[in-house]
Amino acid sequence: MLTLGSLFDGISVFPLAARLNGIEPVWASEIMKAPVSVTKRHFPGMLHLGDITRLNGGKVPPVDIITFGSPCQNLSRIGDRQGLGGVKSSLFFQAIRIIKEMRDATGNIFPTIAVWENVMGSLVSGNRADYGAVLAAFTGRAVPMPASGRWANAGMVRGAGIDLAWRLMDAQYWASPRLARRQRIFLVADFRGRRAAEILFKPRTVQHITVAGGKGGNPAAQGNRGPFIETGGRIPQVRPFQMYRMRAAAVKQNHAQFIGSFGREGDPYTTILSSRAAPFAFWYEDDQAGGCIRCLTERETERLMGLPDGWTEFGVTGERISPTQRQRALGNSIALPCACYIMAGIRETID
């Protein structure tokens, strides 16, 4: 069985995707108390290694796959823009160190695959120099900027004993029903073959998620349901706010743009953040005046990330995780269908 280690583990979305695809999660590194407790509840047999800065990659159990979504605060467009030199985002290099230490200790056998995830802002951070530094950290040599002067949303680097591929994936397109908008860069590094492109670019079935949130939830009836109006029900309407567009429109006193920021029918829910909850408008079709503005519940947030209902609700001893901690952990997390797509590709190509 293929094995996996998860750095910057959070609430163990990569390990969950691995388990769903027949890959065994062996260990995780995370320092936030609530996410660690959630992870221990779902993966009681997984080792917890603690602070990444104190790990020696040559001394932890070797694994086939190492995943890591290093901190994005300094790379994000809504962050402080300090880039890879920032205190948090510079922890990326700790993960690279651990991978190299493990490969040195195992005669370049483990890990076979590494997967890195981060915000789309990493492509432009530091006047686009930061993403070049990411590629150089994996390959051990400078990777020239494309002639266009910008990093594409998908690309490859091949040679020097490593095969790299990256791709911008938006979670809203990777599951049915549609998830929240979440644009993230996923980079796959193959240290022992030329399989990165097959893992990351090969078409696979979109994950189907039930109304109740998939695995662990109760699916809604799929057939023999009449329209709401015919059965005497009421048709709910949901419109997510485009918060940054709304603020800009208010500053400019642009009435049409302000009204447009309330969202259109079919718009996805906006990106879920760890720092604050984005509100949305809710009303019934026959009573628009009776509508309200509210924020997502924690369960709704889990569903919009493709996670099972209640994934973050309890810790290892059965204690309830506070709403603030749940929303923060979910806002820092990875959409499950995107992780599942990559894990399915790794399992398929290596098998």
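Above this text you will find the structure in question.
First things first, this report covers the structure right here in the doc. Treat the numbers as computed from the prediction; the structure is a model and nothing was measured.

**A closer look at the overall build of the protein**
- Check the secondary structure of the protein and you find 10 helices and 13 strands.
- Along the first, second and third principal axes, the C-alpha atoms of the protein reach 70 × 45 × 35 Å.
- The buried share among the 351 residues of the protein stands at 49%.
- For the protein, the accessible surface area stands at approximately 16700 Å², while carbon and sulfur atoms represent 53% of it.
- The protein carries 42 positive and 28 negative side-chain charges, and their two centres are separated by 4 Å.

**Re the sheet that holds strand S7 (residues 162-170)**
- Strand order across the open sheet formed by 8 strands is S3-S2-S1-S4-S5-S9-S7-S6, with mixed pairing between neighbours. Edge positions in the sheet fall to strand S3 (47-48) and strand S6 (154-159), since each of these pairs with one other strand and no more.
- Contacting strand S1 (3-7), strand S2 (24-29), strand S4 (65-68) and strand S5 (113-119), helix H3 (residues 92-105) runs over the sheet at an angle of about 175° to S4.

**Notes on helix H9 (residues 323-331)**
- The complete set of buried residues in H9 reads Arg326, Gln327, Ala329, Leu330 and Gly331.
- Where H9 is buried, its residues touch helix H2 (33-42) and helix H8 (298-304).

**Side note on the nonpolar core**
- Core analysis: the largest hydrophobic core is formed by 49 residues, its most contacted members being Leu307, Ile342 and Ile346.
- At 8 residues, helix H10 (residues 336-350) tops the list of elements feeding residues into this core.
- Those residues in contact with Ile346 that lie beyond four places of it in its chain are Leu2, Ile65, Ile113, Val115 and Ile199.
- Among the nonpolar cores identified, the runner-up in size contains 38 residues, and Val26, Leu168, Leu187 and Phe191 belong to it.

Cut-off values and rules
Residues numbered from 1 in each chain as written. Predicted model: local features only at pLDDT ≥ 70, side-chain atom pairs only at ≥ 80, totals over all residues. Heavy atoms only, no water. Helix = DSSP H or I, 4+ residues; strand = E, 2+ residues; numbered from the N terminus. Buried < 20%, exposed > 50% of the residue type's maximum accessible area, 1.4 Å probe, protein only. Areas by Shrake-Rupley, 256 points an atom, 1.4 Å probe, with all protein chains shown as cover. Lys, Arg positive; Asp, Glu negative; His and termini not counted. Charge placed at Lys NZ, Arg CZ, Asp CG, Glu CD. Pairing = 2+ DSSP bridges. Contact = heavy atoms within 4.5 Å. Axes fitted to C-alpha atoms, helices over the stretch in contact; angles between N-to-C directions. Core = buried A, V, L, I, M, F, W, Y, C linked by side-chain atoms within 4.5 Å.

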